[in-house]
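Observations on the three-dimensional arrangement
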Amino acid sequence: MQPPAQRYRAGGRAFAQIAQFHPELTALRRDLHAHPEIGFEEVYTGARVREALRACGVDEVHEGIGKTGLVGVIHGRGRGSGAMIGLRADMDALPMTEHNDFPWRSAKSGLMHGCGHDGHTAMLVGAARYLAATRQFDGTAVLIFQPGEEGLGGARVMIEDGLFERWPVQAVYAMHNWPAMRPGTVGLSDGPMMAAADRITIEITGRGGHGAHPYQTVDVVLVAAHIITAVQSIVARNVRPLDSAVVSLCAMQAGDLGAFSVLPGTATLVGTVRAFDPAVQDMVERRIKELCSAVALGFGASATVRYERIYPATINTEGEARFAGDVAASLLGTENVVRDLEPSMGAEDFSFMLQAKPGAYLRLGQGMGAGHSLLHSSRYDFNDDILPLGAALHSSLVEQAMPLAGAL
């Protein structure tokens, strides 16, 4: 079977060889898409990865790292350098309903691969197949298949389970598909790529009563409304214009929709804070607590704030970002690599790995054509056209970071 035609051009031995088994990677990716699993429940996905790694001759496959995580180890033709490079792919799906109608749509109600982790997993499997067959490097490649990226901190769990003690990589790399960029392009920066993600929970306590007699109550709905408005002043009036932050209160729960004349005694607000600088996070946390307490007190109510640091900011190290950009340029041409990509206020738990090791996080363009849609959309699908490119980029990071003496 001939590989499908590419909509972009890429060079290099790795891409040419991986393109020959593009149909197999596509089949794997679509199978994973049809069988999505949420974080720390990636049993089927892990079994497919394990099977694929062993079939392509990876030297070692380790399971149960961070609950359902796997690590594949491939040694190069030479090992004298002692070098070790990590490559990471996330495996988990999202708890959302898919509204696509293609044959490989999710077979599980309320679960779907709406962020492309099925594609990320397939790309790293493709890199494993190429690297195990060629071994054109001096050192050891560590392939990290991570569970629980979507809000569960799977990267942190793997690290706590001894990931980098067992495999002390000198650098670690990851990539994520990006619909906003066309296929055949790569974007990154030598600093922030993704913001930190914090969760805020505000509990407001007042005094409930009859809606016809509000003067006998302490109205928590009114207090919540004022808090929502007041909190929006933090970014506008407390964050320097040269810094960045987002404060969003995204959900409110108070009372009973069937009790139209009952004022509740409690209300809960839930939201998120996004920032790149820990000092900005600290300031925003302090101001939220101060404002909520003061506003509630002014109405005779009380408010408590639980502020949780979920994911730190994803910040590339300068040398590794420059190197990754060079590798991407060697495959795609300098004109197709954006080295000053604007950071996203979204979050990514690869940030935990970048806190522990030097490395870089890249965006791999996939476009939004043919119904691929935006990330986390119920009609999203990964663009299979970019599977060989992602696998070749992974492979080239290893080969160029740990060159074999005399290799071209």
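One numbering rule holds for all chains: residues counted from 1, following each sequence as written. The predicted origin of the model limits local features to residues at a pLDDT of at least 70 and limits the giving and counting of side-chain atom pairs to 80 or more, whereas totals for whole chains, interfaces and linings rest on all residues. By convention in this description, side-chain values take in all heavy atoms of the structure and omit both hydrogens and water.

Strand pairing follows a simple DSSP-based rule, namely that at least 2 bridges must link the two strands. Under the DSSP-based scheme used, a helix requires at least four consecutive residues in state H or I and a strand at least two consecutive residues in state E, with every element numbered from the N terminus. Taking strand neighbours across the sheet as the criterion, the eight strands line up as 1-2-4-3-5-16-6-15 in an open arrangement whose pairing is mixed. This sheet does not close on itself; its edge strands, each paired only once, are strand 1 (60–65) and strand 15 (337–338). In this sheet, strand 5 (residues 171–178) lies alongside strand 3 (residues 84–90) in parallel orientation, the contact comprising four bridges. Pairing of Gly-86 across the sheet is with Val-172, part of strand 5.

Among the secondary structure elements, Met-368 is positioned in the loop between strand 16 (359–365) and helix 12 (387–401). Accessibility here uses a 1.4 Å probe with only protein chains present; expressed as a share of the type maximum, an area under 20% marks a residue as buried, one over 50% as exposed, and anything in between as partly exposed. Among the residues examined, Met-368 registers a relative accessible area of 44% and is labelled partly exposed. Distance from Met-368 to Trp-178, taken between C-alpha atoms, is 8.9 Å for residues 190 residues apart in sequence.

Here a pair means two rings of Phe, Tyr or Trp (six-membered ring of Trp) with centres within 6.5 Å. Their orientation is stacked below 30 degrees between planes, edge-to-face above 60, and tilted elsewhere. If you walk through the whole model with that rule in mind, you get five aromatic pairs. With centroids separated by 6.1 Å and ring planes inclined at 50 degrees, the aromatic side chains of Tyr-173 and Phe-323 adopt a geometry described as tilted. Within this pair, whereas Tyr-173 is found in strand 5, its partner Phe-323 is found in helix 10 (residues 318–332), the two being separated by 150 residues in sequence. The ring of Phe-21 carries the charged tip of Arg-129 above its face, separated from the ring centre by 4.0 Å. Over the ring of Phe-352 we find Arg-156, and its NZ or CZ is 5.4 Å from the ring centre. Distance and angle both matter: a charge sits over a ring if NZ of Lys or CZ of Arg is within 6 Å of the ring centre and within 35 degrees of the ring normal.

Moving on, we come to the UniProt feature "binding site: Mn(2+)" (unreviewed entry) in the protein. Under the UniProt annotation, the feature "binding site: Mn(2+)" (unreviewed entry) is placed at Cys-115, His-117, Glu-150, His-176 and His-376. Taken along the chain, the residues just named run across 262 residues; in space they keep tight, none of their C-alpha pairs more than 13.1 Å apart. Every residue pair with non-hydrogen atoms within 4.5 Å of one another is taken to be in contact. Excluding residues within four positions of it along the chain, His-117 makes contact with Asp-90, Met-91, Asp-92, Glu-149, Glu-150 and His-176. Polar contacts here mean pairs of N or O atoms no more than 3.5 Å apart (in protein, one a potential hydrogen donor and the other a potential acceptor; neighbouring residues in sequence count only if both atoms are side-chain atoms). A distance of 3.2 Å separates the side chain of His-117 from the side chain of Asp-90, its partner in a polar contact. Structurally, His-376 can be placed in the loop between strand 16 and helix 12. Not counting residues up to four positions away in its chain, the partners in contact with His-376 are Leu-94, Met-96, Gly-114, Cys-115 and Glu-150. UniProt positions are given in the numbering used here, feature names are shortened, and annotations may be inferred rather than shown by experiment.

This paragraph deals with the pairing of strand 2 (residues 69–75). In the case of a regular strand, side chains alternate between the two sheet surfaces. Counting buried residues along strand 2, seven of its seven residues qualify, which places the element largely inside the surrounding structure. A two-sided burial pattern is seen for strand 2, the buried positions comprising Gly-69, Val-71, Val-73 and His-75 on one face and Leu-70, Gly-72 and Ile-74 on the other. Pairing between strand 1 and strand 2: five bridges, direction antiparallel. What sits directly across from Val-61, in strand 2, is Gly-72. Count of turn residues in the strand 1/strand 2 antiparallel hairpin: three residues, of which Gly-66 carries a positive phi of about 70 degrees. Pairing of strand 2 with strand 4 (residues 140–146) involves six bridges; the strand directions are antiparallel. Following the sheet pairing, Leu-70 is matched in strand 4 by Phe-145.

Glancing now at the pairing of strand 16. Along strand 16, seven of the seven residues are buried, which leaves the element largely enclosed by surrounding structure. Covered by surrounding structure in strand 16 are Gly-359, Tyr-361, Arg-363 and Gly-365 together with Ala-360, Leu-362 and Leu-364, the residues of both alternating faces. When strand 5 meets strand 16, the two strands line up parallel, connected through seven bridges. Looking at strand 16, one finds that Trp-178 is bridged to Gly-365. Sheet topology note: the strand 6 (residues 186–187)/strand 16 ladder contains two bridges and is antiparallel. Across the sheet, the residue bridging to Gly-187 is Arg-363, located in strand 16.

Either a parallel or an antiparallel arrangement is found when strands of a sheet pair, and the pairing is made through backbone hydrogen bonds. Sheet architecture is open: four strands sit in the order 10-12-8-13, paired in antiparallel fashion. Of all the strands in the sheet, just strand 10 (245–254) and strand 13 (302–311) have a single pairing partner and so form its edges. Geometrically, the sheet is characterised by an average inter-axis angle of 20 degrees between neighbouring strands, direction not taken into account. Note that strand 8 (residues 196–205) and strand 13 share nine bridges and pair antiparallel. Within the sheet, the bridge partner assigned to Ile-200 lies in strand 13 and is Tyr-307. As a rule, the C-alpha atoms of each element are fitted with a line to give its axis, helices using only the stretch in contact, and angles between N-to-C directions run from 0 to 180 degrees. Sitting on the sheet, helix 9 (residues 278–298) touches strand 8, strand 10, strand 12 (266–275) and strand 13, and the angle it makes with strand 13 is about 160 degrees.

Turning our eyes to something else, we now look at the domain arrangement of the protein. As used throughout, domain bounds are those supplied by an automatic or database domain assignment. Domain boundaries in the protein define domain 1 (13–194 + 313–401) and domain 2 (196–311). Just the C-alpha atoms count here: the centres of domain 1 and domain 2 sit 37 Å apart. Contact residues are listed per partner, giving 20 residues for domain 1 and nine residues for domain 2. Here the buried area means the combined drop in accessible surface, using a 1.4 Å probe, for two parts upon being joined, counting both sides. Here domain 1 packs against domain 2, burying approximately 930 Å² in sum over the two surfaces, 70% of which is carbon and sulfur. Contact with domain 2 buries surface across domain 1, with Ala-313, Met-345 and Ala-347 losing the most and accounting together for 57% of the total. Take a side-chain nitrogen of Lys or Arg and a carboxyl oxygen of Asp or Glu: if they are within 4 Å of each other, that pair is a salt bridge. The tally of links from domain 1 across to domain 2 stands at zero salt bridges. Those elements that provide at least two residues to the side of domain 1 that touches domain 2 are strand 7 (192–194) and helix 11 (350–356). In the scheme used here, Gly and all other residues not listed as nonpolar or charged are polar, with Ala, Val, Leu, Ile, Met, Phe, Trp, Tyr, Cys and Pro taken as nonpolar and Asp, Glu, Lys and Arg as charged. Of the residues belonging to the side of domain 1 that touches domain 2, the class tally is nine nonpolar, six polar and five charged.

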